[in-house]
Amino acid sequence: MKKAGKFIARGITLIVILALVVGAGGLFYFKSHLPNSVAGQSFPQIDGEIQVTGLDGTVDVYRDNMGIPHIYASTTHDLFFTQGYVHAQDRFWQMDSWRHIGSGELSKMFGKGQVETDSFLRTLGWRQTAEAELEQISPESKAILNAYTDGVNAYLKDHTDTALSLEYAVLGLLSPDYVIEEWQPVHSLTWGKAMAWDLRGNMGDEIERAVLLKTFTPEQVAQLFPAYPEDHPVIVNKIEGSITTASTLKVEQSAFNYSTLPLDDLAYNTSLLDASLGAWNDGIGSNSWAVSGELTGTGMPLLANDPHLSIQMPSIWYQVAMHCLPLNDACPFEVAGFSFAGVPGVVIGHNAKIAWGFTNTGPDVMDLYIEKVNPENPDQYEVNGEWVDFVTRTESIPVVGGESVSLTVRSTRHGPVISDTYDPLKDTGDPKDTEFEAFQDRAGVDLPEQYVIALAWTALTPSTPFEAIWGFDKAQNWEEFREAARGFHVPAQNLLYADVEGNIGYQMPGDIPIRAKGDGTVPVPGWTDEYAWTGFIPFEEQPYAFNPAEGYIVTANNQVAPNDYPYLITQDWDYGFRANRIVSMIQNAPAKIDIAYIQKIHGDAFDANGEVFLPLLLDADHASDLIPALDTLKNWDLQDRADSTSAAVFNAFWRNFLQNTFNDEIPERYWVDGGSRWNNVMRTMAENPNDPFWDDKSTTNVTETMNDMIKVSFAEGVAELQTMYGKDMSKWIWGDMHASTFRNSTLGESGVSLIEDLFNRGPIPTGGGEAIVNATGWSVKDGYETNWLPSMRMIVDLGNLNNSITVHTTGQSGHAYNKHYDDMAAMWADIKYYPMWWEQSSVIKDGEGHLKLVP
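Procedures and definitions
- Residues numbered from 1 in each chain as written.
- Predicted model: local features only at pLDDT ≥ 70, side-chain atom pairs only at ≥ 80, totals over all residues.
- Heavy atoms only, no water.
- Helix = DSSP H or I, 4+ residues; strand = E, 2+ residues; numbered from the N terminus.
- Buried < 20%, exposed > 50% of the residue type's maximum accessible area, 1.4 Å probe, protein only.
- Areas by Shrake-Rupley, 256 points an atom, 1.4 Å probe, with all protein chains shown as cover.
- Disulfide = S-S within 2.5 Å.
- Contact = heavy atoms within 4.5 Å.
- Salt bridge = Lys/Arg side-chain N within 4 Å of Asp/Glu carboxyl O.
- Pairing = 2+ DSSP bridges.
- pLDDT = per-residue confidence, 0-100.
- Phe/Tyr/Trp six-rings, centres within 6.5 Å; stacked < 30°, edge-to-face > 60°.
- Lys NZ or Arg CZ within 6 Å of the ring centre and 35° of its normal.
- Axes fitted to C-alpha atoms, helices over the stretch in contact; angles between N-to-C directions.
- Core = buried A, V, L, I, M, F, W, Y, C linked by side-chain atoms within 4.5 Å.

All right, on to the overall build of the protein chain then. Within the protein chain, the secondary structure is distributed over 27 helices and 30 strands. Burial statistics for the protein chain: of 855 residues in total, 64% are counted as buried. Here the protein chain has roughly 30200 Å² of accessible surface; of this, 49% comes from carbon and sulfur atoms.

Structure representation (structure tokens):
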């Protein structure tokens, strides 16, 4: 996965700059002086006393042995002020780069090479939406944001450049004119938009379906995008309450000619954010489950969560504990868990009464509308037979060290036009092409003479998830938790709940559109109301569960509601392999469930692909020189453990198996990349050894079957392993193939090893894989290296909160060479944990620092 290191690779020849700086003997200076001298300038003070203007009273910040701050303050203002202060102490570079992403100002930090990305960000209008949100949030929420902002700026007042982070030493070479600005409340809100994009759901699938309809029949496309499997679990087995609104869902799509849509251009535009936020993959989601006291050894619930996000350095999460002393109506917060650096509050965690976790629901909240443009006046588009003007605004994109770039953004009633941010639209279908003619024969509607594509997305309507999160932070029971969830509009999450009274619960919130027609799976005409959004699923009719009869709740991005639920949430669920395995392990627990067993589930690496295809692979007739490799699979337990040779052999086969089966027919941009959808497609095809997709279209004199594909793919997989590691099979180790390298999210892929070595860490041998509970993703396209992962693991013991444990991916610190920069990475890879201290006495006993902030 390409990350934001492209920022410094574009437009600036970094090697030339470094050569000038380094000179004779300077290389040694750069490699030794920066880490040993400059890096330490940014390490935070964690002991003693600091006088800080703006506090109401004294605040105590204890750092435990993992560097995690536990804040004790007497007012709500001071609590969030200090959270802003410690975020800036440990992670300001991360905060600074994130706010430039959220505001579409990467060029302001990294130069003209980011103008294209900024143009797309400005077209989406995240900053504009966040500013509207800031105007409409409650006075209490605004006070939280203002206090947090004041805390960040209090730290910035006394620190700048390398005193903030080592990265600014490098940025000074690249962008010497860059000036660090004060934090603003809107910067915190823009990160909500970035996370909504990161968890956006099915827009890529919508584009891919339309592309594949150029080549395949609707029935073939349906085979490649199957329905959720009936043998995998849903989250809510029984819908509580009554559905008072009759469903208006009409899933039929118009016969539309997608051949001339500029879908490759559109896919490119939407991919521009991959560098900064990570590429979308259908495996990105999360696991969470709650087990009631009926099934546990303590008689009280256990709640587990591990959100799956792109691999990065530092961790996307910042762990923190925040305690009002005394706890009262004026200062009601007592909460511990995981926050985003740059945002006040705790996103996932627990307070004294309740615990909660998130997984991505993945609802279809994005639709692409083809808008008919007036051929005589390109400033107008059609709405129900009338021409109306585009809404336009002019954006000025500042470029560090250069001139600002002006951009005109057009919007329709559905949303921003995202197809023409850069180049004029070009038809991609050739009417003379026989493939085009064949598609046109199946389609009944032609595209307009001139058109653009607009994006309707719920995240572009002002609403912030953080008000709901601040409600979770202080909720005392299920009713208060649900009331807070009512305000969680986007990105919709599966909200898992447990409390100290012994209850477990689940709520799906969010603005999920009701469509007059269609199911959101392909672009639709926008010039009439035929495919309009007519409203949103009412909160009271959204799925929830409270103390279900099963005694557990499992969410893993699988289908939420049973098939008779009358509203469309999405057609593009994760296909439930992880959920199925977690449910199976809970149901088949050998004894009462305890924390150790939850850890075992977290680390489970059962590969369901092996369950289907290993017998077929072993039964195939292979060449004699492949038998030693085949023998490694005969006693395989189907676990993709880090130390497994069998897992290495099977996954090399699986990669080649997918490529050989589909890439001869699918356009290159959409070549198979793995994940739960393709796993489900393949296990269904295994029931038909003569399915047409098994045939290799590049061979004209033979029609291949599944067995042919198995044999050639195993041979190619073994050859690939020999190329990578030689013929000594003892060196074919899955953890080495699938290793995790944690790269700095901005400077870590500069292409200059001198820079990368400063900030990146790894590779670290890693187990797990795609559609596996230990969900460490890899790319069938690009290779086996881990590219997304469980970004943290948390287990909350509702019988004894101080007994809870956790880990996140790298370390608490964002400062390279700080001892807490990567001290969690090996623990994370080994499925190990550290205490998630709740009681102050435990924090102090395990402490490494006590800082007093005084007015």
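What follows continues from the structure just given.
Turning to the state of the cysteines, a few remarks are in order. The final tally for this structure, using the stated rule, is 1 disulfide. For Cys 324, the disulfide goes to Cys 331, at an S-S distance of 2.0 Å. Linking Cys 324 and Cys 331, the disulfide has an S-S dihedral of approximately -80° and is accordingly described as left-handed. Pair check on accessibility: Cys 324 and Cys 331 agree, each one buried.

Moving on to the environment of Val 500. Mapped onto the elements of the fold, Val 500 is located in the loop between strand S16 (493-499) and strand S17 (504-507). Sequence-distant contacts of Val 500, defined by excluding residues within four places in its chain, comprise Met 300, Ala 352, Lys 353 and Leu 798.

Moving on, we come to the pattern of salt bridges. Per the stated rule, a full pass over the model turns up 31 salt bridges. Between Arg 677 and Glu 208 there is a salt bridge whose closest N-O contact spans 3.4 Å. Of the two residues, Arg 677 sits in helix H22 (residues 676-685) while Glu 208 sits in helix H10 (residues 203-212), which places them 469 residues apart along the sequence. The pair Arg 677 / Glu 208 is uniform in exposure class, with both members buried. Notably, a salt bridge pairs Asp 822 with Arg 761, separated by 3.6 Å at the nearest N-O pair. On the criterion of sequence distance, the pair formed by Asp 822 in the loop between strand S28 (805-808) and helix H26 (825-829) and Arg 761 in strand S24 (residues 761-764) is long-range, its members being 61 residues apart. Look at Arg 761 and you get buried, because its relative accessible area is 15%.

This next bit is on the sheet that holds strand S10 (residues 366-372). Reading across from one edge, S15-S10-S19 is the order of the 3 strands in this open sheet, with mixed pairing throughout. The open sheet is flanked by strand S15 (451-457) and strand S19 (524-525), the only strands paired with a single partner. One ladder, built from 7 bridges, connects S10 with S15; its direction is antiparallel. In the sheet register, Ile 370 faces S15, and the bridge partner there is Ile 453.

Take the confidence of the model for the protein chain next. A residue-level look at the protein chain finds 87% of positions with pLDDT of 70 or above and a mean pLDDT of 90. With pLDDT under 50 throughout, residues 1-24 is counted as low confidence; its partners more than four residues away or in other chains account for 61 contacts.

Our focus in this paragraph is the packing of aromatic side chains. The relative placement of two aromatic rings is captured by the distance of their centres and the angle of their planes. In this structure the tally under the stated criterion is 38 aromatic pairs. Ring centres 5.8 Å apart and planes at 80° place the aromatic pair Tyr 62 and Tyr 72 in the edge-to-face group. Of this pair, Tyr 62 sits in strand S2 (residues 59-64) while Tyr 72 sits in strand S3 (residues 69-73); the two residues are 10 residues apart in sequence, bridging distant segments of the chain. A single burial state applies to Tyr 62 and to Tyr 72, both of which are buried. Over the face of the ring belonging to Phe 390 we find Arg 410, whose NZ or CZ atom lies 4.5 Å from the ring centre. Above the plane of the ring of Tyr 784 lies Arg 655, whose end atom (NZ or CZ) is 5.2 Å from the centre.

Turning our attention to the sheet that holds strand S8 (residues 348-351). Across the sheet, 11 strands lie side by side as S1-S30-S2-S3-S6-S7-S8-S9-S16-S17-S21; this open sheet has mixed pairing. In this open sheet, the two strands that pair with only one neighbour each are strand S1 (48-51) and strand S21 (544-546). With strand direction ignored, the average angle separating the axes of adjacent strands in the sheet is 15°. When S8 meets strand S9 (residues 354-360), the two strands line up antiparallel, connected through 2 bridges. Bridge pairing links His 350 to Ala 355 in S9. On the sheet, helix H15 (residues 465-474) packs against strand S7 (334-339), S8, S9 and S16 and is oriented at approximately 150° with respect to S9.

A word on the nonpolar core. Phe 92, Phe 340, Trp 457, Phe 472, Phe 662 and Phe 714 are the most contacted members of the largest nonpolar core, which totals 237 residues. No other element matches the 11 residues that helix H3 (residues 76-103) contributes to this core. The next biggest cluster of nonpolar side chains, apart from the first, holds 6 residues, and it includes Val 373, Tyr 381, Phe 390 and Val 452.

Following Leu 325, the chain continues into Pro 326 via a peptide bond in cis, with omega recorded as 0°. Of note, Pro 326 is situated in the loop between strand S6 (318-324) and S7. Here the amide bond leading from Val 490 into Pro 491 is cis, since omega sits at 0°, within 30 degrees of zero. Looking at where Pro 491 falls in the secondary structure, it is placed in the loop between helix H16 (478-485) and S16. The phi angle at Asn 547 is positive, at roughly 50°, despite the residue not being glycine. Its location among the elements puts Asn 547 in the loop between S21 and strand S22 (552-555). On the accessibility criterion, Asn 547 (35% relative accessible area) is partly exposed. Despite not being glycine, Tyr 817 has its phi angle at roughly 80°, a positive value. Note on placement: Tyr 817 falls in the loop between S28 and H26.

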